[in-house]
Amino acid sequence: MDNKAEVREFLTTRRARVAPEQVGLPAGTNRRVPGLRRAEVAMLADVSVEYYAKLERGQIAGASAAVLESLSRALLLDETERMHLLDLARAADGIPTSGRPRRRSSATVSARPGLQRTLDAITGGPAFVRDRHQNLVATNALGAAFYSPVIGAGGRAPNLARFQFLDPAARDFYPDWELFAQMCVGIMRVEAGRDPHDRTMQDLVGELTTRSETFARLWSAHDVRTHGTGTKRFHHPVVGELTLAYEELAVTAEDGMALLVYTAEPGSPSAERLQMLASWSLSEAARP
């Protein structure tokens, strides 16, 4: 990925998003651009217009931490966006790909026995490990049943982004499909910013951009997000509607991997349906 283009488009889209009144500036009547003008961002960040224009052209290498923090405040960046800007600045350090620490290809990554046992010990809800390329690396038993529409009959280790954008079944599995699509792309944007030299991510983005108009549109928006915690809705083909809370935990021993666990409110219809799904999973496993 072109780091200068990434920086330029990220700053441009963030600037266009901020209305003058959000930062205490008069809106005026003759504004030819959405959001803030470059001069207004420069004033708010306490840098010269020329220097900000240079940054927005993608020439961010060498920008100090103080300047980046001031820029983050001027553009009202949230924490995920602020960290993404810092990642983009670090990626512009001029070190060639051969000089960077090599990250293992997702094609060779599998769950360690200890990590799989940890997943297996979680029995109250679906649990799975996802890598930075959106590959579903491992699941517990309930997670395998939960993600059966994604995994399919072949038992393959699927890619959640490909399922989201290329498999028609995703629109049934995710009732809030558009929201899930935005989340997926935002998470991928964060990872791409952390390592723009990641060839596997580049290939995945290229594939999805050419095969999915929605992905291409969302990718061009340069929105970023982290997963963290929240609530999601699903429609499972076996048990129907599920409303589940999720928590994401970093697997610190494995670069780029995250452990996610879904749980249902005790006594809720979703909790009952998870129990039904667990029973269905056991009956499927017992089949000869």
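Residue positions are counted from 1 within each chain, in the order its sequence is given. Totals for whole chains, interfaces and linings use all residues, but because this is a predicted model, local features are given only for residues with pLDDT of at least 70 and pairs of side-chain atoms are given and counted only at 80 or more. Computation of side-chain values: all heavy atoms of the structure, hydrogens and water removed.

Novice: Which parts of the structure should I look at to understand the pattern of salt bridges?
Specialist: Proximity of charged atoms lets side chains of opposite charge pair with each other. Here a salt bridge means any side-chain nitrogen of Lys or Arg lying within 4 Å of a carboxyl oxygen belonging to Asp or Glu. Using the criterion set out here, one finds 20 salt bridges in the structure. One network of salt bridges, in which partners are shared, links R14, R17, E81 and D223.

Novice: So what exactly am I meant to see when it comes to the packing of aromatic side chains here?
Specialist: Two aromatic rings are characterised by how far apart their centres lie and by the angle between their planes. Each pair of aromatic rings taken from Phe, Tyr and Trp, with Trp reduced to its six-membered ring, is defined by centres within 6.5 Å and is described as stacked if the planes are under 30 degrees apart, edge-to-face if over 60, and tilted in the remaining cases. Enumeration according to the criterion identifies 19 aromatic pairs in this entry. Between F180 and F234 the ring centres are 5.6 Å apart and the planes differ by 80 degrees, which places this aromatic pair in the edge-to-face class. Taken together, the positions of F180 in helix α11 (residues 177-194) and F234 in strand β3 (residues 229-236) put the pair 54 residues apart, joining distant regions of the chain. Each of the two residues, F180 as well as F234, counts as buried. Among the aromatic side chains, those forming a connected cluster through ring pairs are F128, F146, Y147, F163, F173, Y174, F180, F234, Y246 and Y262. Over the ring of W177 we find R171, and its NZ or CZ is 3.7 Å from the ring centre. Charge-over-ring placement is defined geometrically: NZ (Lys) or CZ (Arg) within 6 Å of the ring centre, and within 35 degrees of the ring normal. The ring of Y246 is capped by K232, whose NZ or CZ atom sits 4.9 Å from the centre of that ring. Runs of E in the DSSP output that reach at least two residues are strands. Runs of H or I that reach at least four are helices, and both are numbered from the N terminus. Only protein chains enter the accessibility calculation, which uses a 1.4 Å probe; a residue whose area is less than 20% of its type maximum is buried, one above 50% is exposed, and one in between is partly exposed.

Novice: How should I be thinking about the side chain of D131 in this particular structure?
Specialist: You can see D131 is positioned in the loop between β1 (127-130) and β2 (136-139). For the buried residue D131, which engages in no salt bridge, the nearest side chain bearing the opposite charge is R132, 6.3 Å off. Polar contact criterion, stated in full: a pair of N or O atoms within 3.5 Å, where within protein one must be able to donate a hydrogen and the other to accept it, and residues adjacent in sequence count only if both atoms are side-chain atoms. Reaching out from D131, the side chain makes a polar contact with the backbone nitrogen of N135 at a distance of 2.9 Å. For the purpose of charge, His is not counted, nor are the chain termini; Lys and Arg are scored as positive and Asp and Glu as negative.

Novice: Please explain the sheet that holds β1 as it appears in this structure.
Specialist: The pairing of strands in a sheet comes from backbone hydrogen bonds and takes either a parallel or an antiparallel form. By this definition, two strands are paired if DSSP reports at least two bridges between them. Read from one edge to the other, the open sheet built from 5 strands follows the order β2-β1-β5-β4-β3, with strand pairing classed as antiparallel. Sheet topology places β2 and β3 at the edges, where each strand pairs with a single neighbour. Here the average twist between neighbouring strands, direction ignored, is 30 degrees. As paired strands, β1 and strand β5 (residues 258-263) are joined by 4 bridges and run antiparallel to one another. Across the sheet, A127 pairs through a bridge with V261, a residue of β5. Packing against the sheet, helix α6 (residues 113-121) makes contact with β1, β2 and β5, and its axis sits at approximately 55 degrees to β2. Helix axes are fitted to C-alpha atoms over the stretch in contact, other axes to C-alpha atoms as well, and angles between N-to-C directions run from 0 to 180 degrees. Contacts are assigned to residue pairs with any non-hydrogen atoms lying within 4.5 Å of each other.

Novice: I tried to follow the nonpolar core on my own but got confused; where do I start?
Specialist: By nonpolar core is meant a set of buried Ala, Val, Leu, Ile, Met, Phe, Trp, Tyr and Cys residues that side-chain atoms within 4.5 Å join together. If you look at the biggest cluster of nonpolar residues, it comprises 42 residues, and the most contacted ones within it are F146, Y147, F165, Y174, M188 and F234. Top contributing element to this core by residue count: α11, with 8 residues. With sequence-adjacent residues up to four places away left out, F146 is seen in contact with P126, F173, F234, H236, L242, L244, Y262 and L277. Within the second largest apolar cluster, 26 residues are counted, among which are L11, L75, L85 and A89.

Novice: Please clarify how the packing of α11 against helix α12 (residues 199-211) should be interpreted in this entry.
Specialist: Between two packed helices, what matters for the description is the angle formed by their axes and the separation of those axes. Where α11 contacts α12, the two axes come as close as 11 Å, and the packing angle between them is 140 degrees. The angle between α11 and α12 falls in the class oblique. In the crossing of α11 with α12, the sense of the turn from one axis to the other is left-handed. Residues M188, E191 and A192 of α11 lie in contact with α12, whose contacting residues are M201, L204, V205 and L208. Residue polarity is assigned by list, with Asp, Glu, Lys and Arg as charged and Ala, Val, Leu, Ile, Met, Phe, Trp, Tyr, Cys and Pro as nonpolar; anything else, Gly included, falls into the polar class. Looking at side-chain class alone, the contact of α11 with α12 contains 6 nonpolar, no polar and 1 charged residues. Here the word oblique covers every angle except those under 35 degrees (roughly parallel), over 145 (roughly antiparallel) and from 65 to 115 (roughly perpendicular). A crossing counts as left-handed when the near helix is turned anticlockwise from the far one by less than a right angle, and as right-handed when that turn is clockwise.

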